[in-house]
Amino acid sequence: MGRDRYNYFKAVVGEIVMANWCNNYVVFSGSAENLTKLHADLELAIANAKEGFTLECVGTPNDGYMFDAILSDWERPQDLVLSFESKWSPIVDSLVEIAKHYSVAFECDYEECGNLVFGQAVYSDGALQNNCLSPSDFDLCVSLNEDDSLYAYNGEQYECMTECLETILKDKIEREAA
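Thresholds applied
- Residues numbered from 1 in each chain as written.
- Predicted model: local features only at pLDDT ≥ 70, side-chain atom pairs only at ≥ 80, totals over all residues.
- Heavy atoms only, no water.
- Pairing = 2+ DSSP bridges.
- Helix = DSSP H or I, 4+ residues; strand = E, 2+ residues; numbered from the N terminus.
- Core = buried A, V, L, I, M, F, W, Y, C linked by side-chain atoms within 4.5 Å.
- Buried < 20%, exposed > 50% of the residue type's maximum accessible area, 1.4 Å probe, protein only.
- Contact = heavy atoms within 4.5 Å.
- Phe/Tyr/Trp six-rings, centres within 6.5 Å; stacked < 30°, edge-to-face > 60°.
- Axes fitted to C-alpha atoms, helices over the stretch in contact; angles between N-to-C directions.

K.L.:
Describe in detail the pairing of strand S8 (residues 150-153), supporting the description with residues and values.
P.N.:
Of the pairings in the sheet, the one linking strand S7 (residues 142-145) to S8 comprises three bridges and is antiparallel in character. Residue Asn145 lies in a different strand from S8, and its bridge partner there is Leu150. As paired elements, S8 and strand S9 (residues 156-158) share three bridges and run antiparallel to each other. Bridging across to S9, Tyr153 finds its partner in Glu156.

K.L.:
Help me get a handle on the nonpolar core, residues and values and all.
P.N.:
Membership of the largest hydrophobic core comes to 30 residues, with the highest contact counts inside it found for Phe28, Leu38, Leu95, Ile98 and Phe106. Looking at this core, the elements with two or more residues in it are strand S1 (21-29), helix H2 (32-48), strand S2 (67-71), strand S3 (79-87), helix H3 (92-102), strand S4 (105-112) and strand S5 (117-124). Counting residues per element, this core draws most heavily on H3, at six residues. Once residues lying within four places of it in the same chain are set aside, the contact partners of Ile98 are Phe28, Leu38, Leu55, Cys57, Val58 and Met66.

K.L.:
Tell me about unusual backbone geometry, and please be specific about residues and values.
P.N.:
Not every positive phi belongs to a glycine, and Trp88 is a case in point at roughly 70 degrees. Among the secondary structure elements, Trp88 is positioned in the loop between S3 and H3. The buried category is assigned to Trp88, whose relative accessible area is 5%. Positive phi, normally seen in glycine, also occurs at Asp125, with a value near 55 degrees. Here Asp125 shows up in the loop between S5 and strand S6 (127-132).

K.L.:
Please provide a residue-by-residue account of the packing of aromatic side chains, values included.
P.N.:
Inspection of the entire model under this criterion finds four aromatic pairs. Ring geometry for Phe106 versus Tyr123: centroids 5.8 Å apart, planes at 20 degrees, classification stacked. Within this pair, whereas Phe106 is found in strand S4, its partner Tyr123 is found in strand S5, the two being separated by 17 residues in sequence. Tyr123 matches Phe106 in its accessibility class, with the two residues each being buried. Taken together, the ring pairs in this structure connect Trp21, Tyr65 and Phe67 into an aromatic cluster.

K.L.:
Lay out the sheet that holds S2 with the relevant residues and their values.
P.N.:
An order of S2-S3-S1-S4-S5-S6 is seen for the six strands of this open sheet, with the pairing classed as antiparallel. The open sheet has two edge strands with one neighbour each: S2 and S6. Each strand axis lies, on average, 15 degrees off the axis of its neighbour in the sheet, ignoring direction. Summarising the sheet, S2 and S3 pair through three bridges and their orientation is antiparallel.

These figures come from the coordinates and say nothing about function on their own.
Listed below in structure tokens is the structure:
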């Protein structure tokens, strides 16, 4: 998806444009042994990264680069938390390749509201479920007062847009599951 967007912008503008950054928050879960291997490889890749990086197991690295990655303090061996930025959109396909390679599951929350990208991808037992908001879903999050950053949805007020969008996504997932 990221590469398609890159090619679109290049065709329209005729030059490479600056990417909007998509924020990704990933929680990997699995056996302590597999998470330890993934943690070690991520630590090494982050330490050696001059700009963006990807892991060797990712087959299409042009779409799978992570930037400004941070591994959380690793206290529980059953969860590994990684946050990073990607260009324009989440790199869900690359995360699936990583999860398959290390035999782990993941849950990834992502957002790049400038391009109306907001969602959650869950990979477990070989199946991917990627739930995201449509452009019309963003219209449900109504700005009440730009000076105070207040938003409303479904009769409730929220102090930030992300909190409002999280509620909209949760409601959408529940409706689709019913």
